[in-house]
Amino acid sequence: MKGNSLVKRVPYKLKFQFPSFPKLTKSKPSLIPDVLDEIFRHLSDDRTTLLSCILVCRLWCRLVMPILWSDPFLKRNEYGYFAIRTYITCLDEHEKALLVQQNIRIPQLPRPLFNYPSFLLTFNYNNLAVAVEDFTTGNEVDFLCMHEKRVIISNVIINMIFTRSRGIRKFDYYRSHLSSQIILTLDHSLSLFGRNKDNEDYNALNKINSFKFNGFCIKDEIYKVTWPNLFLSISKSATNIRHLSFHIKRKDFNIQAIYHSIANLIKSQKILASFEINDIWLRQSDKIIFNALATQAHTLNHLKLDGKFRLSTLIELLSVCYNLNTLEVKEFHKNDFIPLLKYDGVNFSIKNLNYLQNQTNYSEHDEYEICLLLQLISTNLEMFSCKYFCPEIFVNLKKYSGNLTHLRIIIKSQTIVRFSKVMSVMSNLKYLYIESPREEYTLFTEQMIDQLAHSLPFSLITLSCNLSITQELLKVFLSGCFVHLNTLELFNVQEPDKKISLLIRDYCNKMSSLKTLKLSRSLLEKFTNIKKKGPYRIIGSTPDWFQEPI
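Source: prediction; values computed, not measured.

**Considering the overall build of the protein**
Here is step 1 of the chain: A count of helices and strands for the protein gives 20 helices and 17 strands.
Here is step 2 of the chain: The buried share among the 550 residues of the protein stands at 49%.
Here is step 3 of the chain: In the protein, 74% of the contacts between residues at least 6 apart in sequence involve partners at least 24 apart.
Here is step 4 of the chain: About 29100 Å² of surface is accessible on the protein, with carbon and sulfur atoms providing 52% of the total.

What follows is the structure in structure tokens.
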């Protein structure tokens, strides 16, 4: 019992003490680098904003710099000069010593904080050439041996770009009004850069996904040596190009020397999706490139032929390209034999056909080729665009292309009646764009416009009317149109006044299905007084096709 007296009595009411926790403070909201990087890439065209962002903090600077320097020669301006100057400072000491030995001044700038050449993703030939020209002229006091200095600087810069870049994605070879010396200088440098393919670190070209070539030659050696070497270098390094484009201005040079190098570049690709070329070939030599395109039949999706070619060669290619979705053609060679029985039962995959014929060179003899092409590919054709059409096209549209959903076409006063008859059988048409030349507004009559309005198919969802008509004819058109449209676009009304807003408002009230009304700037100004009325939205817009100058 005595031992128990030593035990302290526990009080009846226990007092519990909770542990003390530190006070929770609100952390400042912050964006993770991946989110910031995505935001900055959406600002890639706004260089002024990006230049301000690099001053915020180190993280922002590290994220923005690769975007700013991904395309340092985006435009022809002073940025190109400063880009070349910065690239010179990025050279190693050995390369700088080579420039000093040639009496080339090295800009006295602080050591660069980044490896700027490694950020380059777009190689723009023309703007790079202008930048080299500007830098050499503005940096050198002694103008003697200026051409040699250009050669050395361009060789050093191109070698640095193609050895340090982590992978060029877009290669644009385009020439403008450059001096012959700088053209020869860069062409020589480009023809040499691909020779050291044994170097494993040389990987600047193997990530190219777009190669656009637009040039003209100034000597026969360009066709025979320089350009073939360039195409050979790219075909060996870049095998995942998705977009290839060739536009070459030919003169009295041996252009046949370049055919096989272009064909080999096409054959070397694995996922070629689109191809564009002008008529650089002679009539009987187009098959070299067309046979190369046939090797890409499983991936080729878009083909644009911006020149004159043989329809027989094209049809042979289309018969094997089972994934080709869009075809753009411009002009055909005449007196070409097409064996129609050979393609009986062939299911062509073309869904979108653009006929880009030239108005100045167009004649009635062009009807046969385009009409035959429409007849052959009409099974899956959904979209058709045609400028400066031939009258027989309407006959073929009515006979073979009743399943069209999209149509863009130019009509005139002498063909509007025939066009109206075609519209009456287009039961699946959803989008229609019609345009007329400016001078036609004096030739259209009320009867023509009324017949056009009443012939529009009820399946239409979007109507884009770019007819050159007066305000009175627009009233006739809107009064005769009873199609339940979701979108209406109106352009090119001659000399509108304030009454035109009432005409458009009455039509919109009549067609309760209308959700969007798109107007040209001149019409939108007349519509401002009732802009907020109606269940539809009113926005300013421009036509899909701009009127060409007369």
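**Describing the pattern of salt bridges**
Here is step 1 of the chain: With the rule as written, the count across this model stands at 11 salt bridges.
Here is step 2 of the chain: For Glu369, the salt bridge is made with Lys334, and the minimal N-O distance between the two is 3.5 Å. Of this pair, Glu369 sits in helix α14 (residues 367-376) while Lys334 sits in the loop between β7 (326-332) and β8 (352-355), placing them 35 residues apart in sequence.
Here is step 3 of the chain: Its salt-bridge partner being Arg505, residue Asp506 comes within 4.0 Å of it at the nearest N-O pair.

**Describing the confidence of the model for the protein**
Here is step 1 of the chain: When pLDDT is averaged across the protein, the result is 81; 81% of the residues are at 70 or more.
Here is step 2 of the chain: In this model, residues 194-202 is a region of pLDDT below 50 whose contacts with residues beyond four sequence positions or in other chains number 11 contacts.

**Details of the environment of Phe216**
Here is step 1 of the chain: One can find Phe216 in strand β3 (residues 210-216).
Here is step 2 of the chain: Along the sequence, Phe216 and His247 sit 31 residues apart, while their C-alpha atoms lie 8.6 Å from each other.

**Focus on the packing of aromatic side chains**
Here is step 1 of the chain: If you walk through the whole model with that rule in mind, you get 25 aromatic pairs.
Here is step 2 of the chain: On the numbers, 6.1 Å between centres and 80 degrees between planes, the contact of Phe211 with Phe231 is edge-to-face. Note that Phe211 is positioned in strand β3 and Phe231 in helix α10 (residues 220-237), a separation of 20 residues in sequence.
Here is step 3 of the chain: Measuring from centroid to centroid gives 6.1 Å for Phe211 and Phe246, while their planes differ by 70 degrees, and the two rings are edge-to-face. With Phe211 in strand β3 and Phe246 in strand β4 (residues 243-249), this pair connects stretches of sequence that are 35 residues apart.
Here is step 4 of the chain: We classify Phe211 as buried; its relative accessible area is 0%.
Here is step 5 of the chain: Overall, Phe246 belongs to the buried group, its relative accessible area being 0%.
Here is step 6 of the chain: Linked through ring pairs, Phe123, Tyr125, Phe162, Phe171, Tyr173, Phe211, Phe213, Trp227, Phe231, Phe246 and Phe275 together constitute an aromatic cluster.
Here is step 7 of the chain: In this arrangement the basic side chain of Lys510 is found over the ring face of Phe482, its NZ or CZ atom lying 4.3 Å from the centre.

**Describing the packing of helix α11 (residues 259-267) against helix α12 (residues 286-294)**
Here is step 1 of the chain: Between α11 and α12, the least distance of the axes is 8 Å, while the angle of their chain directions is 5 degrees. In terms of axis orientation, α11 runs roughly parallel to α12. Contacts from Tyr259, His260, Ile262, Ala263, Ile266 and Lys267 in α11 reach Ile288, Ile289, Ala292 and Leu293 in α12.
Here is step 2 of the chain: A per-class count over the contact of α11 with α12 returns 8 nonpolar, 1 polar and 1 charged.

**Regarding the nonpolar core**
For soluble globular proteins, the rule of thumb is that nonpolar side chains tend to be buried together.
Here is step 1 of the chain: Core analysis: the largest hydrophobic core is formed by 155 residues, its most contacted members being Leu373 and Leu397.
Here is step 2 of the chain: At 7 residues, helix α8 (residues 146-164) tops the list of elements feeding residues into this core.
Here is step 3 of the chain: Excluding its chain neighbours within four sequence positions, the residues that come into contact with Leu373 are Leu311, Ile315, Leu318, Leu327, Val329, Phe332 and Leu353.
Here is step 4 of the chain: Tyr388, Ile410, Tyr431 and Tyr433 belong to the second largest nonpolar core, which has 5 residues in total.

**So, the side chain of Thr313**
Here is step 1 of the chain: Along the chain, Thr313 falls in helix α13 (residues 311-318).
Here is step 2 of the chain: Looking at Thr313, its side chain comes within polar contact range of the side chain of Arg310, at 3.1 Å.

**Quick notes on the environment of Ile258**
Here is step 1 of the chain: Topologically, Ile258 is positioned in the loop between β4 and α11.
Here is step 2 of the chain: Along the chain, Ile258 and Val225 lie 33 residues apart, while their C-alpha atoms are 8.9 Å from each other.
Here is step 3 of the chain: Not counting chain neighbours up to four residues away, the residues in contact with Ile258 comprise Tyr223, Trp227, Phe231 and Ile248.

**Concerning a negative patch on the surface**
Here is step 1 of the chain: On the surface, Glu446, Asp450, Glu472 and Asp497 cluster together into a patch of negative charge.
Here is step 2 of the chain: Residue position: Glu446 is located in helix α17 (residues 446-455).

**Topic: the side chain of Ser274**
Here is step 1 of the chain: Note on placement: Ser274 falls in strand β5 (residues 274-278).
Here is step 2 of the chain: Ser274 sits in the buried class, given a relative accessible area of 15%.
Here is step 3 of the chain: Those residues in contact with Ser274 that lie beyond four places of it in its chain are Arg242, His243, Leu244, Leu300 and His302.

**Observations regarding the packing of helix α2 (residues 33-41) against helix α4 (residues 58-68)**
Here is step 1 of the chain: Contact geometry of α2 with α4 gives a least axis separation of 10 Å together with a crossing angle of 40 degrees. Considered as vectors, α2 and α4 are oriented oblique to each other. In the crossing of α2 with α4, the sense of the turn from one axis to the other is right-handed. Residues Pro33, Leu36, Asp37, Phe40 and Arg41 of α2 form the contact with α4, whose participating residues are Leu59, Trp60, Leu63, Val64 and Ile67.
Here is step 2 of the chain: Of the residues contributing to the contact of α2 with α4, the split by class is 8 nonpolar, no polar and 2 charged.

**Topic: the pairing of strand β16 (residues 516-519)**
Here is step 1 of the chain: Bridging between strand β14 (residues 487-490) and β16 involves 4 bridges; their strand directions are parallel. Among the inter-strand pairings, Leu488 is bridged to a residue of β16, identified as Leu517.
Here is step 2 of the chain: Pairing between β16 and strand β17 (residues 537-540): 4 bridges, direction parallel. What sits directly across from Leu517, in β17, is Ile538.

**Observations regarding unusual backbone geometry**
Here is step 1 of the chain: Despite not being glycine, Asn335 shows a phi value in the positive range, around 55 degrees.
Here is step 2 of the chain: Position of Asn335 relative to the elements: it lies in the loop between β7 and β8.

**With respect to helix α16 (residues 416-423)**
Here is step 1 of the chain: Residues Ile416, Phe419, Ser420, Val422 and Met423 constitute the buried set of α16. Taken down its axis, α16 places every buried residue within 160 degrees of arc, on the same side.
Here is step 2 of the chain: Buried residues belonging to α16 abut α15 (392-400), β10 (406-410), β11 (431-435) and α17.

**Some remarks on the pairing of strand β12 (residues 462-466)**
Here is step 1 of the chain: Most of β12 sits inside the fold, with 5 of its 5 residues counted as buried.
Here is step 2 of the chain: Residues Thr462, Ser464 and Asn466 point to one face of β12 and Leu463 and Cys465 to the other, with burial holding for every one of them.
Here is step 3 of the chain: Here β11 runs beside β12; their pairing, made up of 5 bridges, is parallel. For Ile434, the partnering residue across the bridge sits in β12 and is Cys465.
Here is step 4 of the chain: Taken together, β11, α17 and β12 form a β-α-β motif whose crossover is right-handed.
Here is step 5 of the chain: By the bridge criterion, 4 bridges tie β12 to β14 in an arrangement that is parallel. Bridge pairing in β14 places Thr462 opposite Thr487.

Criteria and cut-off values
Residues numbered from 1 in each chain as written. Predicted model: local features only at pLDDT ≥ 70, side-chain atom pairs only at ≥ 80, totals over all residues. Heavy atoms only, no water. Helix = DSSP H or I, 4+ residues; strand = E, 2+ residues; numbered from the N terminus. Buried < 20%, exposed > 50% of the residue type's maximum accessible area, 1.4 Å probe, protein only. Contact = heavy atoms within 4.5 Å. Areas by Shrake-Rupley, 256 points an atom, 1.4 Å probe, with all protein chains shown as cover. Salt bridge = Lys/Arg side-chain N within 4 Å of Asp/Glu carboxyl O. pLDDT = per-residue confidence, 0-100. Phe/Tyr/Trp six-rings, centres within 6.5 Å; stacked < 30°, edge-to-face > 60°. Lys NZ or Arg CZ within 6 Å of the ring centre and 35° of its normal. Axes fitted to C-alpha atoms, helices over the stretch in contact; angles between N-to-C directions. Parallel < 35°, antiparallel > 145°, perpendicular 65-115°, else oblique. Nonpolar A, V, L, I, M, F, W, Y, C, P; charged D, E, K, R; others polar. Core = buried A, V, L, I, M, F, W, Y, C linked by side-chain atoms within 4.5 Å. Polar contact = N/O pair within 3.5 Å; in protein donor to acceptor, adjacent residues only side chain to side chain. Patch = residues over 30% accessible without salt bridge, like charges linked within 9 Å, V, L, I, M, F, W, Y side chains within 5 Å. Lys, Arg positive; Asp, Glu negative; His and termini not counted. Charge placed at Lys NZ, Arg CZ, Asp CG, Glu CD. Left-handed = near helix turned anticlockwise from the far one by under 90°. Pairing = 2+ DSSP bridges. Arc of directions from axis to C-beta. Right-handed = clockwise from strand over helix to strand, strands pointing away.

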